[in-house]
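Now for the letters of each chain:
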Amino acid sequence: MSATGVTERLPRLLSLVPYLIARPGIRVAEAAADFGISERQLRRDLELLWMCGLPGYGPGDLVDLSFSGDTVSVTEDAGMRRPLRLTTAEATALLVALRTLAETPGVADTAAVRRATAKIEHAVGDATPTGLAVDLGPIDLGVGESATATTIREALTAGRALRIRYYTAGRDAVSQRTVDPMRLLIADGRGYLEAWCRRAEGVRLFRLDRVDDVLVLAEPAAPPPDAEPTDVSEGPFRPRAEHRSAVLQLEPEARWVAEYYPVEEVVEVDGGRARVLLRYADPDWLVRLVLGLGGGARLLEPADLVEVIGQRARAALAAGGGAG
Amino acid sequence: MYRLLEPPDCPRSPRAGPYDADVSSVRAERLVNLVLCLLSTRQFLSAERIRAIVPGYADAPGDASFFRMFERDKTELRELGIPLETGRNSGFDTVDGYRIARGDYELGEIHLEPDEAAAVALAARLWESPELADAAHGALVKLRAAGVEVDDDRSRIQPRVGATEAAFAPLLAAVQAGRVVSFDHRRGGPAGEVTRRTVEPWGVVSWRGRWYLVGHDRDRDAPRSFRVSRILEPVTPTGRTGAVRVPAGVDLMAMVRHNVEPPPVTGVARVWVAAGRAQGLRRLGRRRGPRTLDGRPGEELELDLRSLETVARWLSGHGPDVIVLHPEELAAAVRANWAAAAAAHARPVHHPVPTGAPG
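Criteria and cut-off values
- Residues numbered from 1 in each chain as written.
- Chains lettered and ligands numbered in written order.
- Predicted model: local features only at pLDDT ≥ 70, side-chain atom pairs only at ≥ 80, totals over all residues.
- Helix = DSSP H or I, 4+ residues; strand = E, 2+ residues; numbered from the N terminus.
- Buried ≥ 20, exposed ≤ 12 C-beta atoms within 10 Å, placed from the backbone.
- Contact = placed C-beta atoms within 7 Å.
- Pairing = 2+ DSSP bridges.
- Axes fitted to C-alpha atoms, helices over the stretch in contact; angles between N-to-C directions.
- Parallel < 35°, antiparallel > 145°, perpendicular 65-115°, else oblique.
- Nonpolar A, V, L, I, M, F, W, Y, C, P; charged D, E, K, R; others polar.
- Core = buried A, V, L, I, M, F, W, Y, C linked by C-beta atoms within 7 Å.
- Expected span 1.5 Å × (residues − 1).
- pLDDT = per-residue confidence, 0-100.

(A) Representation of the overall build of chain A within the structure. Regarding its fold elements, chain A presents nine helices and 13 strands. Here chain A holds 324 residues, and 45% of them are scored as buried. Of the contacts made within chain A by residues no fewer than 6 positions apart, 58% connect residues no fewer than 24 positions apart.

(B) View of the overall build of chain B. Looking only at helices and strands, chain B features 11 helices and 12 strands. Within the span of chain B, comprising 359 residues, buried residues form 38% of the whole. The contacts of chain B with a sequence gap of at least 6 include a subset with a gap of at least 24, amounting to 57%.

(C) How the structure looks around the sheet that holds strand β12 (residues 322-326) of chain B. Residues and elements named next belong to chain B. In space, the four strands of this open sheet follow the order β10-β11-β9-β12, with antiparallel pairing throughout. Among the strands making up the open sheet, the edge pair consists of β10 (286-293) and β12. Strand-to-strand twist across the sheet, computed as the mean angle between neighbouring axes with direction ignored, equals 30°. One ladder, built from eight bridges, connects strand β9 (residues 267-274) with strand β11 (residues 296-305); its direction is antiparallel. Directly across from Gly267, in β11, lies its bridge partner Leu305. Contacts from helix α10 (residues 308-316) reach β9, β11 and β12 within the one sheet, and its direction differs from that of β11 by about 160°.

(D) Local environment of the packing of helix α4 (residues 88-103) of chain A against helix α5 (residues 114-124) of chain B. Between α4(A) and α5(B), the shortest axis-to-axis distance is 8 Å and the interhelical angle comes to 105°. Taken together, α4(A) and α5(B) sit at an angle that is classed as roughly perpendicular. Listed contacts from α5(B) to Leu94(A), Ala97(A), Leu98(A) and Leu101(A) of α4(A) are Ala119(B), Leu122(B), Ala123(B) and Ala124(B). Tallied by class, residues from the contact of α4(A) with α5(B) come to eight nonpolar, no polar and no charged.

(E) Inspection of the nonpolar core at higher detail. Leu94(A), Ala97(A), Leu101(A), Ala119(B), Ala123(B), Ala136(B) and Leu171(B) are the most contacted members of the largest nonpolar core, which has 132 residues in total. Per-element accounting of this core gives the leading share, 10 residues, to α4(A). With sequence-adjacent residues up to four places away left out, Leu171(B) is seen in contact with Val181(B), Pro201(B), Val204(B), Leu213(B), Val228(B), Ile231(B) and Val235(B). Membership of the second largest hydrophobic core comes to 49 residues, among which are Ala258(A), Val271(B), Val334(B) and Ala341(B).

(F) Summary view of the interface of chain B and chain A. Taken together, the 117 residues of chain B in the interface contact 131 residues of chain A. Considering each element in turn, the side of chain B that touches chain A owes the most residues, 13 residues, to helix α1 (residues 23-40) of chain B. Taken together, the residues of the side of chain B that touches chain A break down into 66 nonpolar, 31 polar and 20 charged.

(G) Spatial organisation of the sheet that holds strand β2 (residues 64-68) of chain A. Taking strand neighbours across the sheet as the criterion, the three strands line up as β1-β3-β2 (chain A) in an open arrangement whose pairing is antiparallel. Each end of this open sheet is capped by a strand with a single partner; those strands are β1 (26-27) and β2 of chain A.

(H) Geometry of unusual backbone geometry. All names here are of chain A. In this structure, the amide linkage connecting Glu301 to the following residue, Pro302, adopts the cis form with an omega of 0°. Structurally, the position occupied by Pro302 is in the loop between β13 (297-301) and α9 (303-320). Within the chain, Tyr57 stands out as a residue other than glycine whose phi angle is a positive 50°. Within the secondary structure layout, Tyr57 lies in the loop between α3 (39-49) and β2.

(I) Structural view of the environment of Gly276(B). Tracing the backbone shows Gly276(B) in the loop between β9 and α9 (279-284). Here the alpha-carbon distance between Gly276(B) and Pro297(B), two residues 21 residues apart in the chain, equals 9.4 Å.

(J) Broad picture of the pairing of strand β12 (residues 274-280) of chain A. All names here are of chain A. In this structure, strand β10 (residues 244-250) lies alongside β12, joined through seven bridges in antiparallel fashion. Among the inter-strand pairings, Val247 is bridged to a residue of β12, identified as Leu277. Two strands pair when backbone bridges link them, and strand β11 (residues 263-268) and β12 are joined in this way by five bridges, in the antiparallel orientation. Across the sheet, the residue bridging to Glu268 is Ala274, located in β12. The loop that links β11 with its antiparallel partner β12 comprises five residues; one of these, Gly271, has a positive phi angle of about 70°.

(K) Here's a closer look at the pairing of β13(A). Residue and element names in this part refer to chain A. In terms of burial, β13 is largely enclosed, as four of its five residues are buried. Sheet topology note: the β10/β13 ladder contains four bridges and is antiparallel. Bridging from a neighbouring strand, Val247 pairs with Glu301 of β13.

(L) Spatial organisation of the packing of α1(B) against helix α3 (residues 63-79) of chain B. Residues and elements named next belong to chain B. Relative to each other, α1 and α3 sit at 75°, their axes nearing to 11 Å. Comparing the axis directions of α1 and α3 gives the class roughly perpendicular. Of the residues in α3, those touching α1 at Leu31, Leu34 and Val35 are Asp73, Glu76 and Leu77. Counted by class, the contact of α1 with α3 contains four nonpolar, no polar and two charged residues.

(M) Local environment of the environment of Glu39(A). All names here are of chain A. Among the structural elements, Glu39 can be located in helix α3. Using a count of 15 C-beta atoms within 10 Å as the deciding quantity, one classes Glu39 as partly exposed. The spacing of Glu39 and Ala29 is 10 residues in sequence and 5.7 Å in space, taken between C-alpha atoms. Apart from the residues lying within four places of it in its own chain, the contact partners of Glu39 are Val28, Ala29 and Ala32.

(N) Structural view of α1(B). For α1(B), built from 18 residues, the straight-helix expectation of 26 Å at 1.5 Å per residue is met to within 8% by its first-to-last C-alpha distance of 26 Å. Extensive coverage of α1(B) is indicated by the burial of 14 of its 18 residues.

(O) Structural view of the confidence of the model for chain B. Residue and element names in this part refer to chain B. The predicted model of chain B has a mean per-residue pLDDT of 82, with 83% of residues at 70 or higher. Predicted confidence is poor over residues 13-21, with pLDDT under 50, and the contacts of this stretch with residues over four places away or in other chains come to 12 contacts. Scored below 50 in pLDDT, residues 355-359 makes six contacts in the model with residues more than four places away or belonging to other chains. For this predicted complex, the interface confidence reaches an ipTM of 0.71, while the overall pTM sits at 0.70.

If you want it as structure tokens, here you go:
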């Protein structure tokens, strides 16, 4: 092992004795799992600790352990009763993760997350990261969000299938689906349920704030064994083969579209305009987007949708023009 | 009923010789003994005294070798966050000694309820970057050692933050070190314009689930905030540690909110939507009941007005499926959108798909 071996091992060695003091007679396998190491490595660590102690190094000064079957206990602790404080890096990683969870309602019980955050901040004291600010104020995601999220978490834990009423923004439609939950995840600052959708016969991500109603079914969740988790490293939107592409020319005031939606190419045109290649699944969605942008965006391709947008705009002017 | 790990057929310590030839195990054992020794003393212990009593240092072949070994060990302890104190017991001491104050070393008392412990276990699994994942795991190990029962067996709930936050760790490190940073900042989507920015970082701020770097933008000579997900790696720290001064009274959160906070509700709009259409609007608004307009069945909705422009965009997207009933400014804005869209899409136009490098 290299020096990095010591850097990795020493914190564990210093934690092991207090850990065992708190859990007399714990199974060696369980302790190894908690430390994320093999049973063999844990036994090596215990052998090493058994050689350590206080100056004098007499019988009462050394760490002593007792084994019974496959369990272990500490009988002499040599003054190692508490673990070392968290480093700033450790406190940062944990507290930032907790705050991220607190800010993404649905993925975890946010009340418990907040209580845990306060306790850990108190315990780490000086190691509390500086230069970080997190808004833990209430987040307005609509009524009912937290009740559905709680139900989804319970179904996941219990391994049960769900019947959900879900709003699909792409099709601007609400549908009922039976899904086999796989996991909850956070992508791009939002909580998602990843599940096998029985209707689509595929793995889908459901935005938690778009699940309008949920019913836990008696049957177990049974995603097919070959259901692959979604790679969200590039964001929750994954281009699929069936997606088509549109070419849009954006006026300066509508350039935010290129930041908000997944675009594949951005070409600067004169006058601060940009021409983008946008992937879309549903033609109606594209028509709504362009129509809503007014003159801010001009669809260049596909030509049939250019025609549809013109027709819809003229029909709207004819129908709603006089109402007020 | 108890048996020892190994039969005590040899004296345990001080070591007669290594029981295995693993150099790093020898060092790890010496370091544990050093920590225990320094924790147990109230007196500052000189290096020579430590050399005499802590097993392992006696193996050093000479003074120079011992001091080299001891310096490395001190560095190792400090890097692990062990509060190694230096000082002298009295004016008669000629050299500095060392000790570890137990109160500074030990993690404070902490007790977590089961639901809080479950939240901590989830949080520790949040990171995908190895650096942050390891640090979170290190924190979990210490919490468990403090007696907290963290049940990590909820494999079905796997929160993950996408790799979009790769720049987070180096930015936070720069904030904490007070160092100026340079990075490439991408405007817009994956192919957006990239510019080099040099920033005096003041803080990293999370707002509505998204991270922002807040600081003084040297290129613009003004305070700015940047979405962390749009900052490309590598983030290069420049200049000396502690060079960045955060102005007194600066409110990091307010700087981000100022940029992205939605405006307050200024009024209520009433709209008609055709039957079975505009489901998203129905979710956003309050339903006021069925209504037939110009012979078409539908429903009347009430929507909070924050930005007239935004609501006009939502509404005009639905074309003839919506009609604005109130207020007239909104109806006019929607009509203007339709008129502009009609003009921009008067007849099919053919343009080539963009090619070539973005820029």
